[in-house]
Amino acid sequence: MVQPRIDMRQLVALLFLSRVFSVLTLSPKQENTVENGAALLGIALSGIVCLILVLLYQKLLSLYPGDNILDCCYRMHPLFGKFCALGFYLLCVSITISTVGEFQYFLSSAIYPYVSRLLLIPLFLLAVLYSAYMGLEAFSRLSLALGVVVLLSTLLVIVSLSKDLSFVFLLPPLRHGWKPVLQVAFQGVSLNLELVPFLLLVPMVRGKVYRGGIWFVALSVGYYLIMIFYSSLTMGDYALSQVFPIYTMMASAQVVLIQRLDSLHMALWVFIAFIKCSLYLYLSAYCASRLFQGKHRGKLLGASVVAVLAGSLWVSGDLAALMWLHEAFVDGIPFLLAGVGIPVVLLLFLSHKKKKEAPGL
Amino acid sequence: MFRWLKNVLRRDIRSSYQAPAADPRLSERLSGVLLDDLVRLRELCSNTSDLLVRQITISGIPVAFVMCEGMFNLQTLTEIVIEPLTALQLKEPTPQKLMEWMDQKTLLAGDQKEFLTFGELFAFIMSGFVVLLVDGMSKGTALGIQGFSFRSISEPSSETNVRGSREGFVEALRINMTMIRRRLKTPHLKLELLQVGVKSRTDLCLVYRTDLVSDQLLEQVRYRISQIPLDNVMESGYLQPFFDSRPFSIFTGVGTTERPDTMCAKVSEGRIGILVDGTPFALILPFLFHENFQSMDDYANRPYYATFIRWLKYFSFFMTILLPGLYVAIATFHPELFPDALLFNVATSEEGTPFPLVFEALLIHLIYEIMREAGLRLPRPVGHAVSIVGALVIGDAAVTAGLIGTPMVMVVALTAISSFVVPSLYEPVTVLRFVFILLGGWFGLFGLTLGLAIAGVNLCAINPMGIPATTPASPLSLYSMRDTLFRWSWRQLGEENLVVTDLPGSEIDPREEDNHGSTTN
């Protein structure tokens, strides 16, 4: 099996775009209950925690250079490796289902209210399947170009909305104490599921991969802060009542010829969802193939897309199921297990093993 | 899954397919008995009318000249070969002495080769050589005195430039080789002759610089050429799919050029050029996507203007693939994006047309493509007439008849003009335009964006000869971008040569650093 190789910048773009989808998507729990000042401080704190986690991953994966987290799991025990591969597979598939579900919910409620989900979802997944089939290099190269487009369009929105900023809406972060701040910080970390793909992609990256991890955290947190800042300061309390506050904010932006920027937002949303789903679908096939000694990647990709199609058709037809899936990620258990628990256990076990293996002991 | 589908589709073809194979009779050796060899020769070529055999005696030894009619220079043959040979008086003549005299004591032709088999004999006479067979010798001598007629060197039709050379490749391979050699007077430039096509045995020439080209790249190209299973190769386009990493992609990783100066510039970046006999279109390997937006004029113009033109080309590319689809998508699904005055005009003009916008767009672009194709194939004076009729049909009659709205005329005109700004991308651009019209008309901006993403992945998946087609933009190298989005001055470009195998993402091993690392122009 030939290992695909991507650039550090491509990794950053890939993870950043994937994270941006979560920023642009609905998160009613957070937006409805926490004031903007607390949200901004909480997000900044979540960034610091994520940076610490990246350093933890560096410590773990530098024990055996060239290994990713699944290789480390297999080093600990083959059965534990298989169990983790299955767990990561389920996580990747459920993130893809959640992404497609949220994407379809946005399209059918804000853009195309009369178009059937039975048309939108298969069409979208067909495109994603093609992308994942073309391989990690292909969609990661595209993500670098898209990352630049996202940053430039964000700049455009910022410039066009700057005149509408009203600092009256900016509330002190600690008005209700530390609890809401910590709540947002926890959510910010638990929704930063892109650290899991980071753990899986490390050996496939050329260059300074951990510096890439730091860049990813900095960029995503910066983007998150800017979006929250602008949406709350341009729309005030009105933002809290919106299902898609960023979309509403873009609809109110205007640039010379273009009446509104909501379509730009929609186009970006499609690109970002496409990249995110391609990444997780690709990783789900990768994790599944680890259960079969790295074989049958193509067939497993087909099987994964069928699972995602079934799951996303189900959650898109049942809003309660979609919210349940979303809240499962917000609650943080998947991230605590995959992004914190397993790496910590592995670090402790493998450091001990490495010390025992060291010559002279 | 895709592989399974591919196998199913190919199963029928495979069951009835037989790989072309060379005629085993052609590997027979010459017998040494002149009359027997001549009889066998006529038998092998079915006594073809253009085979000329003239038998004479030199110092009492029977010899035969074998050649193809119209392929050799009769004057040169008479003056430089026949006259010295007929005047020759050998002491105690034997076939061996005659051959020795021809080999060592005279110069009958600049390109003089010996051969042993009938296959070689045919290859030589069909390339314009005159073959000399001597009775009693089981080997022949081929004399390179070609004299076939060919088109004279003229300005390339598909790559016209304002500044720079007016010379373009012609159909004769040797003439093309001289055009390259005249421009790169370095001993590192190597021209390597190969043959391809089991029956046509078409000559092709690999052009590369030994100090810059990667051995791995060169081996890969040679290997792929050796594996081409074609009977006949009439044009360089026949070979193109065998060098493409993804033959089903809408974009290609193989470049073509008609210009010797372009070929020299590419070869000086560690690439390999392939000249094919019988066509003025040479191939360049590997060819990256951004090179479609470069032209020789860029390097002759001032940097700021070259950069402006390059940006214009990128803009035109996106406009030509997206504008019709975008217009259809916005007018059908997202009219709120238009400024009010424009929206009013669009609505007014579309009110009187009977068809949906997507159908209008498809119809008008289809008519345009039909007229373009007709104008291209017809004799030039008739082509002009077709253009005039086309302009009338699209520009006036279709609007007056109420078939299409006026803004659509504007869209098709802009699209048509911008599609010729980057001529090398015309094929993918035409297909993508129709696809985007359909996607925009059926699914609005969602469909258009999804289509663009798929086209992007398709492009990004191409790795021509192991180098990403999208490099140096992705994988990114800011230093190499100095000749991609921008065109820096020659003062900076000349500081260090760009070598294609050094670009980020390359899976090809570059040559040793000291060979090209800091070569200055």
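Residues numbered from 1 in each chain as written. Chains lettered and ligands numbered in written order. Predicted model: local features only at pLDDT ≥ 70, side-chain atom pairs only at ≥ 80, totals over all residues. Heavy atoms only, no water.

Enquirer: Is there a simple way to think about the sheet that holds strand β1 (residues 51–58) of chain B in this case?
Expert: Note on sheets: strands pair through backbone hydrogen bonds, and any given pair is parallel or antiparallel. Residue and element names in this part refer to chain B. Ordered in space as β1-β2-β4-β5-β3, the five strands form an open sheet in which the pairing is antiparallel. Across the chains shown, the open sheet's two edge strands, defined by having one partner strand only, are β1 and β3 (112–115). Geometrically, the sheet is characterised by an average inter-axis angle of 25° between neighbouring strands, direction not taken into account. As paired strands, β3 and strand β5 (residues 140–143) are joined by four bridges and run antiparallel to one another. Across the sheet, residue Lys113 finds its bridge partner in β5, namely Ala142. Packed on one face of the sheet, helix α2 (residues 34–44) meets β1, β2 (61–68) and β4 (130–134) and runs near 175° to β1. On top of the sheet, helix α3 (residues 74–87) reaches β1, β2, β4 and β5; it is set at about 170° to β2, its chief contact. (Pairing = 2+ DSSP bridges. Helix = DSSP H or I, 4+ residues; strand = E, 2+ residues; numbered from the N terminus. Axes fitted to C-alpha atoms, helices over the stretch in contact; angles between N-to-C directions. Contact = heavy atoms within 4.5 Å.)

Enquirer: What is the right way to read the packing of aromatic side chains from this model?
Expert: The geometry of an aromatic ring pair comes down to the distance between the two centres and the angle between the two planes. Under the counting rule described, the total for this entry stands at 25 aromatic pairs over all chains. Pairing Phe103 of chain A with Phe446 of chain B gives two aromatic rings, centres 5.8 Å apart and planes at 45°, and the pair type is tilted. With one member in each of two chains, Phe103 of chain A in helix α5 (residues 78–111) and Phe446 of chain B in helix α16 (residues 426–460) form a pair that bridges those chains. Like Phe446 of chain B, Phe103 of chain A is buried. Where Tyr299 of chain B meets Trp490 of chain B, the ring centres are 5.9 Å apart and the plane angle is 50°; that geometry is what we call tilted. Highlighted residues: Tyr299 of chain B in helix α10 (residues 296–300) and Trp490 of chain B in helix α17 (residues 490–493), separated in sequence by 191 residues. We classify Trp490 of chain B as partly exposed; its relative accessible area is 44%. Three or more aromatic residues joined by ring pairs form one cluster here, namely Phe251, Phe289, Phe293, Tyr314, Phe317 and Phe318 of chain B. The ring of Tyr64 of chain A carries Arg75 of chain A above its face, with NZ or CZ at 3.9 Å from the centroid. Looking at Lys354 of chain A, its charged tip hangs above the ring of Tyr64 of chain A, at a distance of 4.5 Å from the centre. (Phe/Tyr/Trp six-rings, centres within 6.5 Å; stacked < 30°, edge-to-face > 60°. Buried < 20%, exposed > 50% of the residue type's maximum accessible area, 1.4 Å probe, protein only. Lys NZ or Arg CZ within 6 Å of the ring centre and 35° of its normal.)

Enquirer: Would you mind going over the interface of chain A and chain B with me for this structure?
Expert: Each partner contributes residues to the interface: chain A has 35 residues there, and chain B has 34 residues. Summed over both sides, the interface of chain A with chain B buries roughly 3100 Å², with 71% coming from carbon and sulfur. Linking chain A with chain B are zero salt bridges. Contributions of two or more residues to the side of chain A that touches chain B are made by α1 (8–24), α5, α6 (117–134), α7 (136–161) and α12 (262–290) of chain A. Sorting elements by how many residues they give to the side of chain A that touches chain B places α6 of chain A first, with 10 residues. Residue composition of the side of chain A that touches chain B, grouped by class: 24 nonpolar, five polar and six charged. (Buried area = accessible area lost by both parts, 1.4 Å probe. Salt bridge = Lys/Arg side-chain N within 4 Å of Asp/Glu carboxyl O. Nonpolar A, V, L, I, M, F, W, Y, C, P; charged D, E, K, R; others polar.)

Enquirer: Just checking my understanding: could you explain the confidence of the model for chain B for this structure?
Expert: In low-pLDDT regions, the fine details of the predicted coordinates are not to be read closely. On average, residues of chain B score 87 in pLDDT, and 93% of them reach the 70 mark or higher. Every residue in residues 513–521 of chain B is under pLDDT 50, and counting partners more than four places away or in other chains gives 17 contacts. (pLDDT = per-residue confidence, 0-100.)

Enquirer: How should the packing of α5 of chain A against α12 of chain A be read in this particular structure?
Expert: Working note: a packed helix pair is described by the angle between its axes plus the distance between those axes. All names here are of chain A. Between α5 and α12, whose axes approach to 8 Å, the crossing angle comes to 160°. Our classification of the angle between α5 and α12 gives roughly antiparallel. Relative to α12, α5 is oriented so that their crossing is left-handed. Here the contact of α5 with α12 is built from residues that sort into 21 nonpolar, four polar and three charged. (Parallel < 35°, antiparallel > 145°, perpendicular 65-115°, else oblique. Left-handed = near helix turned anticlockwise from the far one by under 90°.)

Enquirer: Honestly, the state of the cysteines in this entry has me stumped. Any pointers?
Expert: Two cysteines joined by a covalent bond between their sulfur atoms form a disulfide. Residues and elements named next belong to chain A. Under the definition given, this model contains zero disulfides over all chains. Sulfur of Cys73: no disulfide; nearest cysteine sulfur belongs to Cys84 and is 3.5 Å away. Here Cys73 falls in the buried class, since its relative accessible area comes to 0%. Of the cysteine sulfurs around Cys92, a residue in no disulfide, the closest is that of Cys287, at 4.7 Å. We classify Cys92 as buried; its relative accessible area is 2%. (Disulfide = S-S within 2.5 Å.)

Enquirer: Quick question: what am I supposed to make of the pairing of strand β9 (residues 272–276) of chain B here?
Expert: Every other side chain in a regular strand lies on the same face of the sheet, so the side chains alternate between the two faces. Residues and elements named next belong to chain B. For β9, the tally of buried residues reaches five of five residues, placing the bulk of the element in the interior. Bridging between β9 and strand β10 (residues 282–285) involves three bridges; their strand directions are antiparallel. Its bridge partner lying in β10, Ile272 is registered against Leu285. Counting the residues that bridge the hairpin from β9 to β10 gives five residues, and of these Gly278 lies at a positive phi of roughly 100°.

Enquirer: Mind showing me how you'd approach the domain arrangement of chain B here?
Expert: By convention, interface size is frequently given as the accessible area that disappears when the constituent parts associate. Here chain B is described as being made up of domain 1 (24–143), domain 2 (173–287) and domain 3 (303–461). Each of domain 1 of chain B and domain 3 of chain B has a C-alpha centre, and these two points are 62 Å apart. (Domains from an automatic or database assignment.)

Enquirer: What's the story with the packing of helix α6 (residues 173–183) of chain B against helix α9 (residues 260–267) of chain B in this structure? I'm lost.
Expert: Residue and element names in this part refer to chain B. The geometry of α6 relative to α9 is characterised by a closest axis approach of 9 Å and an angle of 60° between their N-to-C directions. Between α6 and α9, the angle falls in the class oblique. Crossing hand, α6 versus α9: right-handed. Contacts from Met179, Ile180 and Arg183 of α6 reach α9 at Pro260, Asp261, Met263 and Cys264. Partitioning the contact of α6 with α9 into residue classes produces five nonpolar, no polar and two charged.

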